[in-house]
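These are the residues of each chain, in order.
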Amino acid sequence: MKKILFASSETHPLIKTGGLADVAGSLPLALTGLGQDVRVIMPHYQAIKNCEPGRYLCTVRVNNCDVNLLETRLPDSDVIVWLVDYPPFFGAPGNPYTDENGNPWPDIGDRFALFCRIVAEVAMDRAYLNWKPDVVHCNDWQTGLVPALLSLEHYRPATVFTIHNMAYQGVFPGSAFAALNLPGQLWHPDGLEYHGMLSFIKGGLSYSDRITTVSPTYAQEIQTPEFGYGLEGLLAHRQHQLSGIINGIDTAVWNPETDTQIAQTYSVKNLTGKLKNKTALQERLGLPVWSDLPLFGLIGRLVEQKGIDLVLSCLKEMTSLPLQFVLLGSGDKSIQVRLQDFARLYPNKVSVNIGYDETLAHQIEAGADVFLMPSRFEPCGLNQMYSQRYGTLPIVRKTGGLADTVVDTLPTTLADNTATGFAFSEATPGALMETIKRSLLLHTNKSLWHKLQRNAMTQDFSWENSANHYLALYQGI
Ligand code: ADP
Ligand code: GLC
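Residues numbered from 1 in each chain as written. Chains lettered and ligands numbered in written order. Predicted model: local features only at pLDDT ≥ 70, side-chain atom pairs only at ≥ 80, totals over all residues. Heavy atoms only, no water.

*Asks:* Please set out the overall build of the protein chain residue by residue, giving values where relevant.
*Replies:* Each helix and strand in the protein chain was counted, giving 19 helices and 18 strands. Judged by the C-alpha coordinates and their principal axes, the protein chain covers about 65 × 45 × 45 Å. Considering only contacts in the protein chain between residues 6 or more positions apart, those separated by 24 or more positions represent 69%. By element, 51% of the accessible surface of the protein chain is carried by carbon and sulfur atoms, the whole surface being about 18,900 Å². (Helix = DSSP H or I, 4+ residues; strand = E, 2+ residues; numbered from the N terminus. Contact = heavy atoms within 4.5 Å. Areas by Shrake-Rupley, 256 points an atom, 1.4 Å probe, with all protein chains shown as cover.)

*Asks:* Pulling in residues and values, what's your account of the environment of Asp408?
*Replies:* Position of Asp408 among the secondary structure elements: in the loop between helix 15 (400-405) and helix 16 (411-415). Judged by its relative accessible area of 12%, Asp408 is buried. Each C-alpha atom of the pair Asp408 and Thr32 lies 35 Å from the other, and the pair is 376 residues apart in sequence. Excluding residues within four positions of it along the chain, Asp408 makes contact with Thr413, Ala419, Gly421, Phe422, Ala423 and Arg438. Within the local environment of Asp408, its side chain forms a polar contact with the backbone nitrogen of Ala423, the two atoms lying 3.0 Å apart. (Buried < 20%, exposed > 50% of the residue type's maximum accessible area, 1.4 Å probe, protein only. Polar contact = N/O pair within 3.5 Å; in protein donor to acceptor, adjacent residues only side chain to side chain.)

*Asks:* Break down the pattern of salt bridges for me, with residues and values.
*Replies:* Under the criterion given, the structure shown has 16 salt bridges. In this structure, the salt-bridge partner of Asp357 is Arg284, at a minimum N-O distance of 3.2 Å. One end of the pair, Asp357, is in the loop between strand 15 (350-354) and helix 13 (358-367); the other, Arg284, is in helix 10 (residues 272-285), with 73 residues separating them in the sequence. The partner of Asp408 in a salt bridge is Arg438, and the shortest N-O contact between them spans 3.0 Å. Taken together, the residues span a long stretch of sequence, with Asp408 in the loop between helix 15 and helix 16 and Arg438 in helix 17 (residues 429-443) at a distance of 30 residues. Overall, Arg438 belongs to the partly exposed group, its relative accessible area being 28%. Overlapping salt bridges, with partners in common, bring together Arg55, Glu71 and Arg73 in one network. (Salt bridge = Lys/Arg side-chain N within 4 Å of Asp/Glu carboxyl O.)

*Asks:* So what's going on with the site of ligand 2? Which residues, and what values?
*Replies:* Close contacts around ligand 2 come from 13 residues, with His164, Asn247, Glu378, Cys380 and Gly381 the closest. Between ligand 2 and His164 there is a distance of 2.6 Å, counted from an oxygen atom to a side-chain nitrogen or oxygen. Within the side chain of Asn247, a nitrogen or oxygen atom sits 2.8 Å from an oxygen atom of ligand 2. For ligand 2, the accessible surface in isolation is 310 Å², of which the surrounding protein chains cover 93%. In the shell around ligand 2, the residues fall into 5 nonpolar, 6 polar and 2 charged. Both domains that meet at the shell around ligand 2, namely domain 1 (3-248 + 464-476) and domain 2 (272-459), each give it at least three residues. (Near = heavy atom within 4 Å. Nonpolar A, V, L, I, M, F, W, Y, C, P; charged D, E, K, R; others polar. Domains from an automatic or database assignment.)

*Asks:* Tell me what's going on with the nonpolar core, and back it up with residues and numbers.
*Replies:* If you look at the biggest cluster of nonpolar residues, it comprises 76 residues, and the most contacted ones within it are Ile41 and Leu69. When residues in this core are grouped by element, the largest group, 11 residues, is from helix 3 (residues 108-123). Leave out the neighbours within four places in its chain, and Ile41 touches Leu5, Phe6, Ala7, Ser8, Leu69, Trp82, Val84, Phe115, Ile118, Val119 and Val122. If you look at the next biggest cluster of nonpolar residues, it comprises 37 residues, including Met318, Phe342, Ala431 and Trp449. (Core = buried A, V, L, I, M, F, W, Y, C linked by side-chain atoms within 4.5 Å.)

*Asks:* Now, about the domain arrangement of the protein chain: what can you tell me, with residues and values included?
*Replies:* What the domain assignment reports for the protein chain is domain 1 (3-248 + 464-476) and domain 2 (272-459). At the interface, 21 residues of domain 1 touch 18 residues of domain 2. Approximately 1,400 Å² of surface area, both sides summed, lies buried where domain 1 meets domain 2, with 55% of it carried by carbon and sulfur atoms. The interface formed by domain 1 and domain 2 holds 0 salt bridges in total. Applying the counting rule to domain 1 against domain 2 returns 8 residue pairs in polar contact (both at pLDDT 80 or more). Counting only elements with at least two residues in the side of domain 1 that touches domain 2, the list comes to helix 1 (19-33) and helix 7 (216-221). Here the side of domain 1 that touches domain 2 takes 4 residues from helix 7, the largest share from any one element. Residue composition of the side of domain 1 that touches domain 2, by class: 8 nonpolar, 10 polar and 3 charged. (Buried area = accessible area lost by both parts, 1.4 Å probe.)

*Asks:* Go over helix 10, please, and point to the residues and values.
*Replies:* For helix 10, spanning 14 residues, the distance from its first C-alpha to its last is 21 Å, which sits close to the expected 20 Å at 1.5 Å a residue. Every buried residue of helix 10 is accounted for by Gly273, Lys274, Asn277, Lys278, Leu281, Gln282 and Leu285. Summarising the contacts, the buried residues of helix 10 are in contact with strand 13 (295-302), strand 14 (324-331), strand 15, helix 13 and helix 18 (446-457). The positive-phi residue at the C-terminal boundary of helix 10 is Gly286, with phi of around 75 degrees. (Expected span 1.5 Å × (residues − 1).)

Spelled out as structure tokens, the structure:
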């Protein structure tokens, strides 16, 4: 049995802004299911919900700050969560990265540096918890200083650093290094220094024993300039310690047979309930109930990564086709405004819902026929897997985890029952439009469409497989 300390800046259902939270809320559970001793550690944000209040454990002093550790659990489980409680940093409303108005926390470097120091203390069993992990599993730049700090220790646990997104690196002016009072040995070009600046992610990439990313294709892509954002050389240098393990999904939360948030449950054997969900969704959003027209859905952060600009370029033409389109998301203000303009102009065809709404996300997965995910890059992506489980065929761009989890519909893949959706290569509106039209054509053939739904709904995206890969990785260090 391995003792694993799993460090993350967000964990579903306690707090979530994106897929990292889904992973942090379900991989530790899956590893526990494999008989491992896993503890999650994350900041104690004011906005945390859905868990029992943290029980006070101890106070640890780092860098002249007295920090409390509290203990709670992942809901309905035995998985212990340690909450790093320091109200001056985490006590205000907002999410892990921004205040309530969406403005980035100005002291975000100080916040996560403090978090990393505490994770390192807990990892070295210097926090009076009487528990020393074999492995510290860090996630994204917010935890990047942990492997760096631990590299200075004797008898330290092994470290794994998982990249969920290379686009976010935690880079700060060089002066931050001294201001954060970090150990001088870490300041060099093979360490935390990045062209004279301080890079948190480099702590993970340079000092961890193993690097993983959340799909095999993305592990290759980040070794190229297009996806590596200047760190492709370092990643190529560490290629022998770098691998891709595809994310699983929480098959209990995302299950059309038991989902309590949708109008009608259904299964691959009985898809009639899916139509009821479509009607309910159209009614909820004020769209005309046109049951024969395919309903396209999109859920996600409205940022360049997700290819929203491609969708915006296609929307005018989409409104002239026999389809309806439902979007749920938030992000870039100018993208939001442009989308809302379309919804105002075409109220029978387009519904734009700005905000974060988990129930509506479930209802879109259940009610839509096609799911759009034309990402410019996608380390893994979860919604294309949720969609397949709900018999909602995804249209994806062939990149990262999308390339690894969706099989394009071609004569060959139709014949051998492997086709599960639609994929295109070029990041252009033309390529997306062509794929949308391809899906419309197939949708007119009901028996072929059902066959695709069956293929998609019977895929195994559960965590067990991926958790076993992580376990093998931990055991191999
Ligand atoms: P990323 O982590 O890059 O945002 P993923 O596809 O890995 O992308 O995960 C996104 C997760 O966040 C999914 O669980 C998705 O359903 C959820 N999500 C994103 N935006 C919203 C929203 N506006 N409302 C509800 N859920 C959302
Ligand atoms: C990131 C990526 C997304 C991935 C998620 C969980 O936010 O953008 O592709 O699914 O992390 O690993």
